Amino acid sequence: LSNDEYGNGKSFYLWGNVGCGKSHLARAWAIRFSEMGCGVMYRILPSLIDELRHAVKLNTVDTIIERLANVDVLVLDDVGAEDDHSDWIRGRIFRIIDGRTHRKTLYTSNVDPADLYDKLDERIADRINQAQRLWMPLQSYRQVIREKGKQS
């Protein structure tokens, strides 16, 4: 499929409170693009960092970065939740995101896009902030369920 057939390569930054359904929506979005014939990869960013660390031993870091940078659609879930801010990790994440300039990426986060500059490398935050922003002003559905259980 060409970029015109699935949104001109636009990226989206979906953020909101913990438990409001961002990851659920991101998975549904990924499934839909897969059904349309797009190559799709879904990664939780803290887990991706673990994957990259392990890939050093296997000498497969560049292969992983190329696959993530070049797949039609990439979902990066939980941006800002990573606790490794080493220059090495930032450099690898930057290569992935920078390589996706004309490809569709969905980022999910609990972090307001304006606060990304405090959480991430400035180059990474700048590129993520080019995405269309979508705010989910909902409370945690798990909290809603707990509160309903208390009322019963």
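Here the structure is shown first, and the text comes after it.
Everything in this summary refers to the structure shown in the same document.

## Let's talk about the overall build of the chain
No. 1: For the chain, the count of helices and strands is seven helices and five strands.
No. 2: For the chain, the N- to C-terminal ordering of α and β elements is β-α-β-α-α-β-α-β-α-α-β-α.
No. 3: Against the compact-globule benchmark of 15 Å for 152 residues, the chain has a radius of gyration of 16 Å, which places it among compact chains.
No. 4: Seen through its principal axes, the chain has C-alpha atoms that stretch 55 × 40 × 30 Å.
No. 5: In the chain, of all internal contacts separated by at least 6 residues, the share reaching a separation of at least 24 is 84%.
No. 6: As displayed, the chain has an accessible area near 8,600 Å², and 48% of this comes from carbon and sulfur atoms.

## Describing the sheet that holds strand S4 (residues 104-109)
No. 1: Strand order across the open sheet formed by five strands is S2-S3-S4-S1-S5, with parallel pairing between neighbours. Strands with a single pairing partner mark the edges of an open sheet, and in this sheet they are strand S2 (40-44) and strand S5 (132-136). With strand direction ignored, the average angle separating the axes of adjacent strands in the sheet is 15°.
No. 2: Sheet analysis places strand S1 (residues 12-16) next to S4, joined by four bridges and oriented parallel. Note that in S4 the partner of Phe-12 across the bridge is Leu-106.

Here is what the cut-offs are and how they apply
- Residues numbered from 1 in each chain as written.
- Predicted model: local features only at pLDDT ≥ 70, side-chain atom pairs only at ≥ 80, totals over all residues.
- Heavy atoms only, no water.
- Helix = DSSP H or I, 4+ residues; strand = E, 2+ residues; numbered from the N terminus.
- Rg over C-alpha atoms; globule rule 2.2 N^0.38 Å.
- Contact = heavy atoms within 4.5 Å.
- Areas by Shrake-Rupley, 256 points an atom, 1.4 Å probe, with all protein chains shown as cover.
- Pairing = 2+ DSSP bridges.
- Axes fitted to C-alpha atoms, helices over the stretch in contact; angles between N-to-C directions.

Keep in mind that these numbers describe shape and distance, not what the molecule does.
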